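One-letter residues, chain by chain:
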Amino acid sequence: MRPERKKELQLFERHAGIRFRELEALNQAFTHRSYAHEAAETGENNERLEFLGDSVLGMVVSEYLYQTLTDQAEGELARIKSFVVSEASLSEISKKLRVDNFILIGKGEEYSGGRSKKAILADALEAILGAYYLDSGFLPARKFVRELLVPEINKVLEDRHAKDYKTLLQEYVQKRMKTYPHYKVVQKTGPDHDRTFWIEVHVGGRSFGAGKGKNKKEAEQDAARLAYEGMHAEAGAPRAAAGASGPAGAPRAAAGASGPAGAHRERPQAAAQRDTRRPADMPRQPPGRQQVRQDLRESTPRSRRQP
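So, how was this worked out
Residues numbered from 1 in each chain as written. Predicted model: local features only at pLDDT ≥ 70, side-chain atom pairs only at ≥ 80, totals over all residues. Heavy atoms only, no water. Helix = DSSP H or I, 4+ residues; strand = E, 2+ residues; numbered from the N terminus. Buried < 20%, exposed > 50% of the residue type's maximum accessible area, 1.4 Å probe, protein only. Contact = heavy atoms within 4.5 Å. Areas by Shrake-Rupley, 256 points an atom, 1.4 Å probe, with all protein chains shown as cover. Core = buried A, V, L, I, M, F, W, Y, C linked by side-chain atoms within 4.5 Å. Axes fitted to C-alpha atoms, helices over the stretch in contact; angles between N-to-C directions. Parallel < 35°, antiparallel > 145°, perpendicular 65-115°, else oblique. Nonpolar A, V, L, I, M, F, W, Y, C, P; charged D, E, K, R; others polar. Phe/Tyr/Trp six-rings, centres within 6.5 Å; stacked < 30°, edge-to-face > 60°.

### As for the overall build of the protein
Counting its regular elements, the protein contains 14 helices and three strands. Buried residues in the protein amount to 37% of all 307 residues. Contacts in the protein between residues far apart in sequence, at least 24 positions, make up 57% of those at least 6 positions apart. Accessible surface, the protein: about 18400 Å² in total, of which carbon and sulfur atoms supply 50%.

Written out as structure tokens, the structure reads:
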């Protein structure tokens, strides 16, 4: 190992508050497969360590929840754990540890912003946990995991955590509208290695979005957030937050729901047009082939049109 790399790893140790007996294990935890492919002399990548670290993480978090939340049922423990060990949560912890400064990634990943990708950051953190478990044993690894994750558990318990808006939206519309949200990719921009997806979500004849993300999962979450927050705003924040229904359980956010007596009932198409506002940074697509044909037909004198 180069002396410069050794100093970098020791800097990470000081920042994270841990110490490895063998720095080679920590270096492997930082080695993304794209770098290993380009520099064959580096040996293995971090994927096997990530696999191990995922199990260590799950074990420690499950043990803590079981011992601490003694009055909670299995379903609630699983719900809390799912938030805490999610990609979003782990990537934020990685940023706090400055993992992105130490990752070894290939040139292609570097150019496409790989150091800031949530999946790469979350995977690297799991690999570090796996490497630390192998290097120092379970007790030091458990202590480290608890230092990182207990604050995230407390956020969930205090409802200050990042929300899974797809699940929240689905539960909301199932309860109030007896339907399911449907997601549709409306646009993709950028080169293959740096795609941006734009996705709309359709609920009961209405359309919300478009949500934006570097992959379909992120864009769907963003679209779900727009729909969930928009429907809550219409229904009234206090009642929406509590999940309360109207009189006799009538849904408040259903498409085309009428207001006071005599109020005009809005058509679903009009609601969709109102809710689907093009984001300021969403590029406009050129007209498709069908639209071009329609424009040509409308501009051709009726006497010259083909039947």
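### A look at the nonpolar core
Counting residues in hydrophobic clusters, the biggest one holds 46 residues, and the most contacted among them are Phe12, Phe30 and Leu97. Where this core is concerned, the elements lending two or more residues are helix H1 (3–16), helix H2 (23–29), helix H4 (47–68), helix H5 (74–84), helix H6 (87–96), helix H8 (118–136) and helix H9 (138–157). With 10 residues, H8 is the largest single contributor of residues to this core. If we skip the residues at most four places from it in the chain, Phe12 touches Ile18, Leu26, Phe30, Leu97, Val99, Phe102 and Ile128. Core analysis: the next-biggest nonpolar cluster, separate from the first, contains 13 residues, Val201, Val203, Phe208 and Ala224 among them.

### Re unusual backbone geometry
Trans is the prevailing form of peptide bonds, just as negative phi is the prevailing case for residues other than glycine. Of note in the backbone geometry, Arg98 takes a positive phi value of approximately 60° without being a glycine. Following the sequence through the fold, Arg98 ends up in the loop between H6 and helix H7 (107–111).

### Some points on the packing of H6 against H8
Here H6 crosses H8 at 75°, and the two axes come no closer than 8 Å. It follows that H6 is roughly perpendicular to H8 by the angle criterion. For the pair H6 and H8, the contacting residues are Glu87, Leu90, Ser91, Ile93, Ser94 and Lys95 in the first and Lys118, Ala119, Leu121, Ala122, Leu125 and Glu126 in the second. Broken down by class, the residue content of the contact of H6 with H8 amounts to six nonpolar, two polar and four charged.

### Side note on the packing of aromatic side chains
Taken as a whole, this structure holds six aromatic pairs when the rule is applied. Taking the centre distance of 5.3 Å and the plane angle of 50° together, the rings of Phe20 and Tyr132 count as tilted. Taken together, the residues span a long stretch of sequence, with Phe20 in the loop between H1 and H2 and Tyr132 in helix H8 at a distance of 112 residues. With respect to burial, Phe20 and Tyr132 carry one shared label: buried. On the numbers, 5.9 Å between centres and 35° between planes, the contact of Phe30 with Phe102 is tilted. Note that Phe30 is positioned in the loop between H2 and helix H3 (33–38) and Phe102 in the loop between H6 and H7, a separation of 72 residues in sequence. Just as Phe30 is buried, Phe102 falls in that class too. A connected cluster of aromatic rings, assembled from ring pairs, spans Phe12, Phe30 and Phe102.

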